[in-house]
Every structure is written in C-alpha cells, then in structure tokens.
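# Coordinate inspection notes
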Amino acid sequence: MSYSVIDYVAMIGDPVRTGAYVRALRKMVTHDSVVLDLGAGFGFFAVLAAKLGAKHVYAIEPDEAIGLGPALARANGVADRVTFFQGDARQVTLPERANLLIEDIRGVMPLHRERVKVVCDARERLLTGDARRVALRDRIWAAPTRHPAAVRSDIETAGADTYGVDLRSVRPQVVDGWRRAKTRVEDMLLPGGLLGTVDLATVAEPHFEGNARWMPDAPLVVEGFVVWFDAELSEGEGFSAAPGPEQSVHGCLYLPLREPLPVPARADLALRFCAIQAATDYAWTWECTVTGSDGSEIVRTARQSTLGALAVTRGRLSAMSELHRPTLGAEGRRWRDAIALIDGQHSSGEIANALVRTGDRGCTSESEAFDWLQSALQVLESGDATKL
C-alpha cells in the first residue's frame, strides 16, 4: 500500500499520535543523538529531530513521498544533518550506527506489513547495542461490542432481498471481513481486555497470538470485537488508539461474529485472536468460547479468518495448489519481453516500441506501452535503496 502526501499530512495532523511523538522526541533527542527514522514518510520526524539538535538523522522510507524530504530539510535549515534513503531499510547500510530510533510503521494494528522484520534487522545492523527508542512497546486490547452502524448496515444488506436480489450467498464474505472502525464507546459492552504486548526491543517473530477473558455481571449479546493498541513511546509518553471521541488516526480493528452470541451473567467469555503474516501482509483469525460458572462449555464459535472474506474464483483457487503447472498468459509474456530488454542498453522508448511490435501483448500504441512500462519499472527497478 502506498500513501499519498495527503495521507502523511493527515497522520501529522493527528494530535493524539503526533503530539505524543513530539513530546517524546523533545525529551530524548540530544546533541549526541545519531537518529534512525524508519518509515519516515516525507521526513517530518527526521527534520524535527534535527531541529531539536540531533547530531545527524538518517531517514528511510520506501514510498516516493520521501523525495520531498531534502527540500523539507533545506526549508528548515537542517539539510546538512539529515540524510534520506528511499527503499527497504533492510537494503540500507549506514556509515554509522544510530543510538536513537524513531519508528511508526503501524497500521490499524501494530503488526503491520513487514514492521517486525524491518525492526529486527535494524536492531541487528543499524543500531548501537544501547540505542534508545521512541516506540518501546505496543499493548493490544479487545472488547466485546455491538456492531457499529456501518457494519450493521453491511451485514443486514448482505442478509436480505435487496431490490429483488437475494444477497445471502455473499454474507459469509461480509461477516468474515475486518473493518477499520471508529467505534463509539457506547457500543462497547465490557471494558477492554489485554490480548498481549509487542515489545520492540525483543520481538523476533512476526506472528502474534493473544487471549482475553471477561465475566459480565449481567447477560449480554455480543455481535463482534473491537481491537486496538496503546503505544508506549518513551518513559511517560504514549498514545492510545482506543475507541473514543479523540481516537487516533490509526482507528480500531473491528471483527464481526457470524451470528450474535448470547453470554449469560457470570459466564466466562474468552477471545482468541491471532495475527498471521502472509507474504507482506497479515491475516487475522478470531474465535471465542462461553463457559458456564460450573466450567462447562456453553458455546464455541467457529474460527473466523479474514481469508474467508476473499472472493476467489475456482480457477484462482486451483492455481494456488502446489500441483498447479503455471503457464504465461498475455500479461506474463509482456513482462517476460520487457524484462529481457531491461539490460541497461535499451531505452524505455525502445522497449515500448518493441512491446508494440510483438502484437499480442495488450499494447496498441507506443504511448500505451510506455505508460505500462513506467508502472512495471516501479517494481522491476525496486529493491535497492537509493540515497537522495
């Protein structure tokens, strides 16, 4: 997922998140600080650290927005003390190890894309052994809730005859899908329960499994769970993405249940939540049990997974088998031809012209082929980090 400049400005404009980071940086940056900013965006925190007196700042960001960083540093009079790299931090070698890490590679959850792997690599290669961090640990919480209004509308639409079309066959995909939700406190049925902690100083595995339990005093009906995190940035500084009127830009993860779950008074309600990294993203699974006061199990819900929300054709499902024997289609042949010509000798115009001449590669004009090639080159030329 690529962020726009507007997305980065929205994150900076969130007083809950950014205010906490600024307070932490003011406490921790000194004239001896060599700072590493991972997931730097266009360099806001990197430039701020330099303005607070850091000896030098290294800002790393894979997104194109970091191209704005050098101009931002010049405009703030710190261009000589901030070095920008575009690319995967795991491909960057610094001239010195940093003794202060700034990091916010979170999404709706602290377990986001390849955050854990990037942080582990930085601990190993880019930081001193006694490096301090502005991002110490994230605590993940959950609470049983009623459906937020937008989720309820989706589920009701997918479970009914809508304009004469019966949509019940798509309901399973709707109820297994997660949402980024700004949940109202009044929709929460019980207080938050701690699922677990991601400690940035010690975390080694990208997967996460957590359990939380509640015992309601009165009977209730649970329709889903809201999941959020509290970020501890430094001693005494942090922020929460918890539901509320001043919720952070991160929002909350909402996980609906397939059917409303009645929970008797004084029964034990338990949630098991897992985050499993699949390629460069995460799949979420969740299931819950209700146990009576005598220890007998009243109900156990089916394990739900965000993978169940994916709409996959039979052909695609077959192609995911280890026994599948792939062949190149027209798009694959276009990629193959382009890759064969990307040798440092042919210009982009020559490659586009060659793609048009092949006839069956989906490009009917050289301008169309050139536009396609520019998109392809963002993938084919990526991987190596570039110092800006």
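Going by the structure above, here's the rest.
In this report, the structure presented in the accompanying data block is examined. Model, not experiment: these values are computed from the prediction. (Residues numbered from 1 in each chain as written. Predicted model: local features only at pLDDT ≥ 70, side-chain atom pairs only at ≥ 80, totals over all residues. Heavy atoms only, no water.)

What follows concerns the pairing of strand β3 (residues 82–86). The buried count for β3 comes to five of five residues, which makes it a mostly enclosed element. Residues V82, F84 and Q86 point to one face of β3 and T83 and F85 to the other, with burial holding for every one of them. Here five bridges tie strand β2 (residues 56–61) to β3, and the two strands are oriented parallel to one another. Counterpart to I60 in the pairing with β3 is F85. Between the parallel elements β2 and β3, the chain passes through helix α4 (residues 69–75) in a crossover that is right-handed. Alignment of β3 against strand β19 (residues 386–387), held across two bridges, turns out to be antiparallel. Pairing of F85 across the sheet is with K387, part of β19. (Buried < 20%, exposed > 50% of the residue type's maximum accessible area, 1.4 Å probe, protein only. Helix = DSSP H or I, 4+ residues; strand = E, 2+ residues; numbered from the N terminus. Pairing = 2+ DSSP bridges. Right-handed = clockwise from strand over helix to strand, strands pointing away.)

Attention shifts here to empty space enclosed by the protein. Under the counting rule described, the total for this entry stands at one cavity of 30 Å³ or more. For the largest cavity, the calculated volume is near 30 Å³. Taken together, R115, V116, V119, V198, L200 and V203 make up the lining of the largest cavity. Broken down by element, the residue count for the lining of the largest cavity peaks at three residues, all from helix α5 (residues 115–125). A breakdown of the residues in the lining of the largest cavity according to their chemical character gives five nonpolar, no polar and one charged. (1 Å grid on protein atoms, 1.4 Å probe; cavity = no way out; pocket = protein on both sides within 12 Å on 5 of 7 lines; lining within 4 Å. Points joined across faces, edges and corners; volume = space filled by probe spheres on them. Nonpolar A, V, L, I, M, F, W, Y, C, P; charged D, E, K, R; others polar.)

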